[in-house]
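What the coordinates show
This is what each chain is made of:
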Amino acid sequence: MIFSFDLLINAVISGILIGAFYAAVTAGVSLSFGILDIVNIAHPAFIILGSYIAYIINAQLGLDPILASIIVTPAFYALGAGIYQIYYASFERRGQESLRGLAFFFGLLFITEVSLVLYFGVDYRYVEAAYIGPTWHFGAIDIPLRILVPCVVSLLLIGALQLFLARTFVGRAIMAVAQDQLALKLMAVDPIRIKRIAFGISIATASIAGAFLIVIQPVEPSVGREYIGRVFAICVLGGMGSLPGTLVAAMLIGIVESVTSTFYGPSWAPAVSFGFLLLTLAVRPAGLLGR
Amino acid sequence: MSAMLHVDGLGKRFGGFVALEGISLSVAAGERLGLIGPNGSGKSTLVNCICGTLRNEAGTVRFDGEPLDGDTAHERTRRGLARTFQLPRPFVSLSLADNLRIPLMYAVAARGGAHLSTSEIAERCVHLLREVGLERKAKRLPRELTQVEMRKLELARAMAAAPKLLIADESMAGLTHSEVEEILTLLNRLNEQGVTVILIEHIMRAVMSFSQRLVVLVSGRKIADGDPKEVMRDPEVERAYLGQ
Amino acid sequence: MRAGLFLIICLLVAAVVFAAAFALGNDYYFFAGYVVLQYVVLATAWNILGGYCGYVNFGSAAFFALGAYSAVAVHRFHPLPIPLLVLVGGVVSGLVGFGMGYLTLRLRGAFFAIATLALAVVLQTLVVNWGYVGGSRGAYIIRPEAIAPFGSYIRYLFLIMLLLAVGAIFVARMIERSRLGYGFATIRDDELAAEACGVPTLKLKLIATTISGGLMGMAGAPLPYYIGFLQPSSAFGLDYAVNSIAMPLIGGTTSWVGPLIGAVLLGSLQQIATVTISSAVNLLIVGFVLVGFVIVAPNGIIGLVHKYLQHQPDDLVGRRHVSVDSPGSTT
């Protein structure tokens, strides 16, 4: 291992760019877990689903993958709303969401992943776009466009989400539903409907994040598994449901992973983000009463 | 009479919110203490801090002569401090008898090396259920109980821990007149057996008839401590209740 | 039924199973049966922490794989008979279970589950980077051809796993009917109230994670001999994690019977599917069955049987029906 300042700078910048992408991936979980307290462990599977759909549209119609994913978001929204309805009827209403809810999403994760394997096989798939390939050079710094473009669009996506949550009625209702369902009911707003909308949005973001993913790297069905822990690590680190916090946490993890990967090899990278998660959980006061 | 419970300068914050500040009070052995205050005044927080469910940032708690600081909730129960919960928290998958078995197996049996045989435990379960009038439902599950029966189970479970001091946290909320009388009778009988009782309630006639001494909590501070009738005549207490 | 009698009955059943496999003549049944028995141990072990205490462990694969890898490590150092390796696997995974518990048991339910997942990945990364046991390249273990008096080696492995399964079930049942089991139930039902009743919840949870982890490690120890080539990606595979959760949930989490039923049913189903269709469809089936059961029959097969026999509503989580000294207690 040769320590070089150039390597370090590139690693850090790469980490920041990837971090923005991680934030987009995590945004959905910030909504479902951070705000709604639903442990949707299958979220990465939906992202991979988004990747494959972007792939199909890109391969068949030649459309830009990110654009394609945006077009498909209503379908993902409907999927999310439907899943929440089932989740609510089966678990939340009965008060059994902890074990059985987790198992439900675990099952969904498997069904999604294996279905993709059966339909597409385990070969890596990739998309074609004008910005995949070229790299911009600024002196010693290399910025591949295929990472920069998703990074920028990620930031736009997160910004739009944040505005939605802070400024619109539905958005604020979503923030409120986590804290005080009774108050919402008194305002003649159905908390279940709000949660359904929120979960729908959560899965809709997976569609777009999936396009980002397949732009950045080739995808095959089991790639999602790497993201399970990463996504929850960022969500917890970022303060559970705070989008700005998620962004900062995501970049932090991105940088640490990138630097580790550059100087110690990529096989150590998973341990880094998951180690971070363990550390966060150990330090965070999420005990029995959340003192 | 020596102090069974001695709280000194207890303080608790939740982030920026001060739930309790400078709470000091003493409860003598065998005493019947009433604790009242408007909603949100910190009564349950105080109970949680005394019992170890929450950790207080300031002040100390001494129980039966020993400091409790640092002890976990279950250690405090083993020392003889028992409490009921405002909203009953029975073990839903266990029968009533088994619910009572738990404190007998874990709190009483662990005390000073005492070892209760299974038949002794079973006997005490039946006895306790009889005391609260639930012995015919011994094999039933908590979900099959009425409101007042749930509260009786909650009390019976606290009694099963053979406490020296019992904190009854709003055991009578939502009950009818006669149901309140039933609970009061239970608590009085317990006190006659030598158990110190702290009664936290909103039902004033119950508090007045039961308590030998009354403590009033408002916005996390103790504003009165003394004879119940005198305390109720205190203008500050009047303001706290009527002015709300 | 007293413990001794139960053990004798289990051993008798095990003897019958072993004899039946012999009678079928084909070694394939030993190979398939080994996997099913392995899942009996895994599911029973998982259920001790997950079903009895209510703490969901997503990292079962890690404990299982650690058992396998400690067997490899010891084997590289100096070959030992498998029963000893099983003990080693149990101790190693038990210690790791204790450590994991110490780090994570103060966390609220969902956080605990996520932490177990994180820990599993960290452990996997450590093993992948540990050259001594082969790292990502994998490790070969030569399985002896035969061993007296069983004939082929697989029959010996089958017997070991059979005995482990009996052991796991026995341990689970002992726990269920003991003071420990009651304590576990209170942790599952209401941890706060449990503490208020004098239950040392942290200590009990640590016991649960240690026993659970240890049993999983014991199930993993013979694995290198079974498959001959051990790779981190397969040993730490998510399939072990999902199966050890799915089987108790499908069978029923309230007693030792559930994981057994779930493992036998689902395990056999998967073996049949692997042979007749494909191993990917195998996992698809698990996913669907898991989701289906969790929605429709939350208390698993045990719950369905109760509902059918007693015409009671099925929506009670973790319904216990055994009292330690009530007259006429069954099972």
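Here, every reference points to the structure presented above.
All figures in this text were calculated on a predicted structure; none of them were measured in a lab.

Thresholds applied
Residues numbered from 1 in each chain as written. Chains lettered and ligands numbered in written order. Predicted model: local features only at pLDDT ≥ 70, side-chain atom pairs only at ≥ 80, totals over all residues. Heavy atoms only, no water. Helix = DSSP H or I, 4+ residues; strand = E, 2+ residues; numbered from the N terminus. Rg over C-alpha atoms; globule rule 2.2 N^0.38 Å. Buried < 20%, exposed > 50% of the residue type's maximum accessible area, 1.4 Å probe, protein only. Contact = heavy atoms within 4.5 Å. Areas by Shrake-Rupley, 256 points an atom, 1.4 Å probe, with all protein chains shown as cover. Lys, Arg positive; Asp, Glu negative; His and termini not counted. Charge placed at Lys NZ, Arg CZ, Asp CG, Glu CD. Buried area = accessible area lost by both parts, 1.4 Å probe. Salt bridge = Lys/Arg side-chain N within 4 Å of Asp/Glu carboxyl O. Polar contact = N/O pair within 3.5 Å; in protein donor to acceptor, adjacent residues only side chain to side chain. Nonpolar A, V, L, I, M, F, W, Y, C, P; charged D, E, K, R; others polar. Core = buried A, V, L, I, M, F, W, Y, C linked by side-chain atoms within 4.5 Å. Pairing = 2+ DSSP bridges. Axes fitted to C-alpha atoms, helices over the stretch in contact; angles between N-to-C directions. Expected span 1.5 Å × (residues − 1).

Next up on the list: the overall build of chain C. Assigned secondary structure in chain C consists of 15 helices and four strands. Against the compact-globule benchmark of 20 Å for 331 residues, chain C has a radius of gyration of 19 Å, which places it among compact chains. With respect to the three principal axes, the spread of C-alpha positions in chain C is 55 × 45 × 40 Å. The proportion of buried residues among the 331 residues of chain C is 60%. Put simply, 77% of the contacts in chain C that link residues at least 6 apart link residues at least 24 apart. Carbon together with sulfur atoms contributes 71% to the accessible area of chain C, which is approximately 12,200 Å² in total. When the 16 basic and 11 acidic side-chain charges of chain C are each reduced to a single mean position, those positions are 6 Å apart.

Turning to the interface of chain A and chain C, a few remarks are in order. On the chain C side, the residues contacting the 43 residues of chain A number 44 residues. Buried surface at the junction of chain A and chain C, both sides included, amounts to about 4,000 Å², of which 82% is carbon and sulfur. Scanning the region where chain A abuts chain C turns up zero salt bridges. On the surface where chain A and chain C come into contact, there are two residue pairs in polar contact (both at pLDDT 80 or more). Residue assignment for the side of chain A that touches chain C shows that the elements contributing at least two residues are α3 (65-92), α4 (97-120), α9 (224-237) and α11 (269-283) of chain A. Sort the elements by how many residues they give to the side of chain A that touches chain C and α4 of chain A lands first, with 15 residues.

Moving on to the interface of chain C and chain B. Each partner contributes residues to the interface: chain C has 32 residues there, and chain B has 29 residues. Of the roughly 2,500 Å² buried where chain C meets chain B, counting both sides, 62% is carbon and sulfur surface. Inspection of the region where chain C meets chain B yields one salt bridge. Note that arginine 89 of chain B and aspartate 190 of chain C form a salt bridge whose closest N and O atoms lie 2.8 Å from each other. Put simply, chain C and chain B have ten residue pairs in polar contact (both at pLDDT 80 or more) between them. When residues of the side of chain C that touches chain B are traced back to their parent elements, those giving at least two are α7 (179-189), α8 (191-196) and α9 (201-220) of chain C. At eight residues, the largest contribution of residues to the side of chain C that touches chain B is made by α7 of chain C. Tallied by class, the residues present in the side of chain C that touches chain B amount to 16 nonpolar, seven polar and nine charged.

Another point: the nonpolar core. Phe33 and Phe105 of chain A together with Leu187 of chain B are the most contacted members of the largest nonpolar core, which totals 269 residues. No other element matches helix α8 (residues 191-216) of chain A, which puts 16 residues into this core. Core analysis: the next-biggest nonpolar cluster, separate from the first, contains 26 residues, Ile23, Val27, Ile167 and Ile200 of chain B among them.

Bringing the pattern of salt bridges into the picture now. Counted under the stated rule, the structure contains 20 salt bridges over all chains. As a salt-bridge pair, arginine 225 of chain A and glutamate 113 of chain A come within 2.7 Å of each other at their nearest N and O atoms. Of the two residues, arginine 225 of chain A is situated in helix α9 and glutamate 113 of chain A in helix α4; the sequence distance between them amounts to 112 residues. Judged by relative accessible area, which is 27%, arginine 225 of chain A ranks as partly exposed. With a closest N to O distance of 2.8 Å, arginine 221 of chain B and glutamate 21 of chain B form a salt bridge. Of this pair, arginine 221 of chain B sits in strand β10 (residues 221-226) while glutamate 21 of chain B sits in strand β2 (residues 17-28); the two residues are 200 residues apart in sequence, bridging distant segments of the chain. By relative accessible area, glutamate 21 of chain B is classed as partly exposed at 39%. Overlapping salt bridges, with partners in common, bring together Glu31, Arg213, Lys222 and Asp225 of chain B in one network.

All names here are of chain B. In space, the six strands of this open sheet follow the order β6-β7-β8-β3-β9-β10, with mixed pairing throughout. Of all strands in the sheet, those with a lone pairing partner are β6 (81-83) and β10, marking the two edges. The mean angle between the axes of side-by-side strands here comes to 15 degrees, regardless of whether they run parallel or antiparallel. Sheet topology note: the strand β9 (residues 213-218)/β10 ladder contains five bridges and is antiparallel. The residue of β10 that forms the bridge with valine 215 is aspartate 225. Its contacts with the sheet put helix α6 (residues 177-192) on β3 (32-36), β7 (165-169) and β8 (196-200), and the angle it makes with β8 is roughly 155 degrees.

If you check helix α4 (residues 118-131) of chain B, its first and last C-alpha atoms are 20 Å apart, about what 14 residues at 1.5 Å a residue would give, namely 20 Å. Contacts from the buried residues of α4 of chain B go to α3 (96-108), α5 (147-160) and α6 of chain B.

The next thing to look at is the side chain of arginine 151 of chain B. Within the secondary structure, arginine 151 of chain B is located in helix α5. The side chain of arginine 151 of chain B is buried and forms no salt bridge, while glutamate 201 of chain B, the nearest opposite charge, is found at 6.5 Å.

By themselves, these figures tell us nothing about what the structure is for.
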